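Here is how the chains run, residue by residue.
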Amino acid sequence: MMLKNVLFPKKDARLYMSFMHVTFASLLIGGLMGLLQTLSRSGEFQLPFGINYYTILTVHGVILGLVLTTFFIVGFQFALMGKTVGMSDKQRKWAWVAFWTMLVGTITAAITILVGQANVLYTFYAPLRAHAAFYIGLALVIVGSWIAVFVNFRQLYVWKKAHPGQKSPLLAFMVVINMAMWFIASLGVATSVLIQFIPWSLGYAATINVLLSRTLFWYFGHPLVYFWLLPAYMAWYAIIPKIIGGKLFSDSLARLSFILLLMFSIPVGFHHQLTEPGIDPTWKFIQVVLTFMVVIPTLMTAFSIFATFETTGRRKGHKGLFGWFKHLPWKDVRFLAPFIGMVAFIPGGAGGIVNASHQMNTLIHNTIWVTGHFHLTVATTVILTYFGIAYWLVPHLTGRRLTPRLNKLGIIQTIIWTVGMTIMSTSMHIQGLLGGPRRSNFSNYAGGAQVDTWISYQIAQAVGGTILFIGIILMIYIFIQLAFFAPRGVQEFPIAEEEVDAEPTPKILENWYLWIGITVALILFAYTIPVIDILKHSPPGSLPFDWPIGR
Amino acid sequence: MATDNPKKRPVQQSGNPHTGINLKGTFISVMLLGVFILVTWFGLYALFLSR
């Protein structure tokens, strides 16, 4: 913990910053695509130069949902591991291999999309077919992230060997949980890409089993959202308490909540396939029940956050039922941005419970409600927390300081984001309940009466999207300042400490065999029979479709 | 229930550091959170039934 004010060696900082550069470049490109989408869907604008709507939709989803998130997470987690358990020269070398593999994969996939050879959206559902380079690029991003996974595992292993009998640092433990989840989950999509999509897109296989590919995608797709969310939880549990001048509320609670998230994030993919024919409703129900188990660690997190705020405030002498709340550091963007993220997770989480509620899913399935939902969760909760982290991490890595002026700009950025997203996401939720579809380009659907109720919300989305893009420009400006121009200094790397008299953390919480064993058992329970069913009873596979979207 | 002022007693006497902490605000906050979730869910359930 005494290391928090000591800067990383230059060679480490350069590695972590490389991930941050790709993150913020992705934010600009992906954000611009988002703006174009909302303008196009308003019906008031046409995309210039004959640009295909589904090209920009795919760029938006892939660059923000897969590239920005993965690069930020891997870079941030390397920094956390470097700070808490250290990084050897050999580990750093492999971390660079991870970075370059991911970057080559990203560029390959991005070029394929931009030249119109992969208009398949970020879910790349078969039978839409992209050029093989798209799938190969995505596979490289995943392989690169796996290298990072094993570097992180190795970092903790080496530390444990050097510190026998000691509890691992909380943040290192959390990183390893997240990477274990990512590795187990991404095996699904990697299998699908390697065995199904690449041979099929190259013409070696004539047809593809659509249901199997979608099942393998969502086996990965749901834990993917937790892969995005857990780094935000790391900040909420172990960094925000330090920023507000408090201590860790409970090391054991934090670890238990991460373990539960590991166990219940993966065997739940069917809740994305509730309207899918070909899956036995009993197994859908079982996975819905498992999905609801995730509510437990989520509410544990909410309790822990409130409790951290209250204990810290009361220790500082703030009285009354909510005196502690009034005195939180509202003028510190390192706190404010993640806090708004936490608030957005309340409607985001409540909406998620509706989405997963089996039959009630039909109310919102494939409507733009779902887009509104994940713009609250990933594009507000997660991204504002990432921004909140970047405000101290970037200057810490570049040996600069978050000045009062940049802090103020950060606060303005957070407010712009909040306003833009409130307008955009709320109108998406309402339009979704009115039946407005997601994914599709603007259409008046031959003038149906129901369609008339949608247009005002689509215009509101364009207004919200424009405000958000202004927020992105401001964020890029702040990033460039923090990376290259802010005054030299030492920005704190805030890591919360435990209470001096904290209860010892039970050793069982670090029993990796037990927790990963239960995780694998739950996955086998939830997926074995339905997947055998899918393999045995699937209809004939599908030929590829390159039109109307695809290639 | 423990009602000690934590300011006067920064170090708890019991083994559990949380016994002396007033968490009434947290209790009310999590209850409000629960109410929000229930209202949202039942509101949409009513919409589901009405369609």
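Residues numbered from 1 in each chain as written. Chains lettered and ligands numbered in written order. Predicted model: local features only at pLDDT ≥ 70, side-chain atom pairs only at ≥ 80, totals over all residues.

1. Comments concerning the overall build of chain A
Part 1: Within chain A, the regular secondary structure consists of 18 helices and 0 strands.
Part 2: For 551 residues, the compact-globule formula gives about 24 Å, and the C-alpha radius of gyration of chain A, at 23 Å, lands near that figure.
Part 3: By its C-alpha atoms, chain A is 65 × 50 × 45 Å across when sized along the principal axes.
Part 4: Here chain A, with 551 residues, has 53% of them falling under the buried criterion. (Helix = DSSP H or I, 4+ residues; strand = E, 2+ residues; numbered from the N terminus. Rg over C-alpha atoms; globule rule 2.2 N^0.38 Å. Buried ≥ 20, exposed ≤ 12 C-beta atoms within 10 Å, placed from the backbone.)

2. Notes on the overall build of chain B
Part 1: When helices and strands are tallied, chain B shows 1 helix and 0 strands.
Part 2: Split into buried and exposed, the 51 residues of chain B put 12% on the buried side.

3. Some points on the packing of helix α1 (residues 10-41) of chain A against helix α2 (residues 53-84) of chain A
Residue and element names in this part refer to chain A.
Part 1: The geometry of α1 relative to α2 is characterised by a closest axis approach of 8 Å and an angle of 155° between their N-to-C directions. Overall, the two elements α1 and α2 adopt an arrangement that is roughly antiparallel. Where α1 crosses over α2, the handedness of that crossing is left-handed.
Part 2: Grouping the amino acids of the contact of α1 with α2 by side-chain chemistry returns 22 nonpolar, 9 polar and 1 charged. (Axes fitted to C-alpha atoms, helices over the stretch in contact; angles between N-to-C directions. Parallel < 35°, antiparallel > 145°, perpendicular 65-115°, else oblique. Left-handed = near helix turned anticlockwise from the far one by under 90°. Nonpolar A, V, L, I, M, F, W, Y, C, P; charged D, E, K, R; others polar.)

4. Side note on the environment of M293 of chain A
Part 1: Positionally, M293 of chain A belongs in helix α9 (residues 281-293).
Part 2: Along the sequence, M293 of chain A and I279 of chain A sit 14 residues apart, while their C-alpha atoms lie 21 Å from each other.

5. Considering the interface of chain B and chain A
Part 1: The partner chain A presents 24 residues to the 25 residues of chain B that form the contact.
Part 2: Tallied by class, residues from the side of chain B that touches chain A come to 15 nonpolar, 8 polar and 2 charged. (Contact = placed C-beta atoms within 7 Å.)

6. Topic: the nonpolar core
Part 1: Formed by 170 residues in total, the largest nonpolar core has its most connected members in A172, M174, M181, M234, A238 and A390 of chain A.
Part 2: Beyond its immediate stretch of four places on either side in the chain, A390 of chain A contacts M20 and F479 of chain A. (Core = buried A, V, L, I, M, F, W, Y, C linked by C-beta atoms within 7 Å.)

7. Describing helix α8 (residues 251-265) of chain A
Residue and element names in this part refer to chain A.
Part 1: The first and last C-alpha atoms of α8 sit 21 Å apart over 15 residues, in line with the 21 Å expected at 1.5 Å per residue.
Part 2: The buried fraction of α8 amounts to 11 of the 15 residues, a majority that puts the element mostly inside the structure.
Part 3: All buried positions along α8 are accounted for by D251, A254, R255, S257, F258, I259, L261, L262, M263, F264 and S265. (Expected span 1.5 Å × (residues − 1).)

8. Here we look at the confidence of the model for chain B
For residues with low pLDDT, the predicted coordinates do not support detailed interpretation.
Residue and element names in this part refer to chain B.
Part 1: Counting all residues, the mean pLDDT for chain B is 77, and 63% of those residues have values of 70 or more.
Part 2: When the criterion is pLDDT under 50, residues 1-14 qualifies, and its contacts beyond four places in sequence or with other chains add up to 17 contacts.
Part 3: Scoring the predicted complex yields pTM 0.94 and, for the interface, ipTM 0.91. (pLDDT = per-residue confidence, 0-100.)

9. Observations regarding the environment of L524 of chain A
Residue and element names in this part refer to chain A.
Part 1: Within the element layout of this structure, L524 appears in helix α18 (residues 512-537).
Part 2: A residue is classified by how many C-beta atoms lie within 10 Å of it, and L524, with 11 of them, is exposed.
Part 3: Between the C-alpha atom of L524 and that of P267, which follows or precedes it by 257 residues, the distance is 8.2 Å.

10. Re the packing of α1 of chain A against helix α14 (residues 368-398) of chain A
Residue and element names in this part refer to chain A.
Part 1: Between α1 and α14, whose axes approach to 9 Å, the crossing angle comes to 140°. The angle between the axes of α1 and α14 places the two elements in the oblique class. Considering the relative orientation of α1 and α14, their crossing is left-handed. Every residue of α14 that contacts α1 at A13, Y16, M17 and M20 is listed here: A390, V394, L397 and T398.
Part 2: Looking at side-chain class alone, the contact of α1 with α14 contains 7 nonpolar, 1 polar and no charged residues.

11. Some points on unusual backbone geometry
All names here are of chain A.
Part 1: Cis geometry is found at the peptide bond from A126 to P127, where omega equals 10°.
Part 2: Tracing the backbone shows P127 in the loop between α3 (89-114) and α4 (132-162).
Part 3: The phi dihedral of N366 falls on the positive side, at around 60°, and the residue is not glycine.
Part 4: You can see N366 is positioned in the loop between α13 (361-364) and α14.

12. Observations concerning the environment of F71 of chain A
Residue and element names in this part refer to chain A.
Part 1: You can see F71 is positioned in helix α2.
Part 2: Sequence separation between F71 and Y16 is 55 residues; the distance between their C-alpha atoms is 9.7 Å.
Part 3: Discounting chain neighbours no more than four positions away, the residues touching F71 are F19, V22, T23, S26 and M102.

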